[in-house]
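Listed below are the residues making up each chain.
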Amino acid sequence: MTEIQTPRLLLRRWHEDDLAPMAEINADPEVMQWIGDGSVRDLEQTAEDIERWEEEWDEEGFGLFAVELLASGELAGFVGLSVPAFLPEVLPAVEIGWRLGRQFWGQGYASEAAHAALEFALQDRGLDRVVSITRTGHEASENVIRKLGMELVRQTTHPQYGFLLSVYAIDLTEYEA
């Protein structure tokens, strides 16, 4: 299953017309301040990202869902599962992550979509554990992580950028949707 509907959202694979709105999200410095080195991403880089996300779906059987608002059809961003290859010390692992446009913050969309992605991980993909990695101090993401029932398992330093990361995990055999 590569489409999930929640009360307000559709989680689905990527469409060609998602490129421009996702590039707009990636071009917002406030959205990107907690991602990697904080650099914004342009249209070409976003196209490469989406291509890579779709390849991960094909290779792993999971990936990042495009998040669409049911009421308007707008692309809000993404949520989903990926292999956190940038942090070898936690491998093997599958990470849940999200990125939404600023206009979609504070409305519970990230939590709603992330809960659906965790159910997908457990019920459809049979994963028994999922991690979430965030830059320490990113309160909005940490709030979503807590709502998912994840617990802090370690802190470490980003291998490329040197800032502190918090690694959370949840045992999906104990997860209650």
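1. A look at helix H4 (residues 109–124)
Phase 1 of the analysis: Taking 1.5 Å of rise per residue, 16 residues should cover 22 Å, and H4 covers 21 Å from first to last C-alpha, within 8% of that figure.
Phase 2 of the analysis: Residues of H4 that are buried include every one of Tyr-109, Ala-110, Ser-111, Glu-112, Ala-113, Ala-114, Ala-116, Ala-117, Leu-118, Phe-120 and Ala-121, and no others.
Phase 3 of the analysis: Within two residues after H4, Gly-126 carries a phi angle of roughly 65°, on the positive side.

2. Let's talk about unusual backbone geometry
Peptide bonds are trans in most cases, and residues, glycine excluded, mostly fall at negative phi.
Phase 1 of the analysis: Here the bond from Leu-91 into Pro-92 is cis, since omega is 0°, no more than 30 degrees from zero.
Phase 2 of the analysis: Here Pro-92 lies in the loop between strand S4 (75–82) and strand S5 (95–100).

3. Some words on the side chain of Thr-6
Phase 1 of the analysis: On the secondary structure map, Thr-6 appears in the loop between strand S1 (4–5) and strand S2 (9–12).
Phase 2 of the analysis: By relative accessible area, Thr-6 is classed as buried at 9%.
Phase 3 of the analysis: With residues near it in sequence (within four places) discarded, Thr-6 still touches Leu-11, Leu-70, Glu-112 and Ala-116.

4. Remarks on the packing of aromatic side chains
Phase 1 of the analysis: Following the criterion strictly, the structure yields seven aromatic pairs and no others.
Phase 2 of the analysis: Taking the ring centre of Phe-163 as reference, the NZ or CZ of Arg-135 above it sits at 3.9 Å.

5. Some remarks on the nonpolar core
Side chains of a nonpolar character, in soluble globular proteins, are inclined to be buried together.
Phase 1 of the analysis: Counting residues in each nonpolar core, the largest one holds 34 residues, and the members touching the most others are Leu-11, Leu-81, Ile-96, Trp-98 and Val-130.
Phase 2 of the analysis: Taken together, the elements giving at least two residues each to this core come down to S2, strand S3 (64–69), S4, S5, H4, helix H5 (139–147) and strand S8 (164–171).
Phase 3 of the analysis: The element that contributes the greatest number of residues to this core is H4, accounting for nine residues.
Phase 4 of the analysis: Contacts of Trp-98, omitting those with residues within four sequence positions, involve Phe-78, Val-79, Ala-110, Ala-114, Ser-132, Ser-141, Val-144, Ile-145 and Leu-148.
Phase 5 of the analysis: Ile-25, Val-31, Ala-66 and Leu-75 belong to the second-largest nonpolar core, a separate cluster that totals 11 residues.

6. Quick look at the pairing of S8
Phase 1 of the analysis: By the criterion of burial, S8 is predominantly enclosed, with six of the eight residues buried.
Phase 2 of the analysis: When strand S6 (residues 129–135) meets S8, the two strands line up antiparallel, connected through seven bridges. Residue pairing across strands places Val-130 opposite Ile-170, the latter belonging to S8.
Phase 3 of the analysis: In this sheet, S8 lies alongside strand S7 (residues 151–157) in antiparallel orientation, the contact comprising six bridges. The residue of S8 that forms the bridge with Thr-157 is Leu-164.

About the cut-offs
Residues numbered from 1 in each chain as written. Predicted model: local features only at pLDDT ≥ 70, side-chain atom pairs only at ≥ 80, totals over all residues. Heavy atoms only, no water. Helix = DSSP H or I, 4+ residues; strand = E, 2+ residues; numbered from the N terminus. Expected span 1.5 Å × (residues − 1). Buried < 20%, exposed > 50% of the residue type's maximum accessible area, 1.4 Å probe, protein only. Contact = heavy atoms within 4.5 Å. Phe/Tyr/Trp six-rings, centres within 6.5 Å; stacked < 30°, edge-to-face > 60°. Lys NZ or Arg CZ within 6 Å of the ring centre and 35° of its normal. Core = buried A, V, L, I, M, F, W, Y, C linked by side-chain atoms within 4.5 Å. Pairing = 2+ DSSP bridges.

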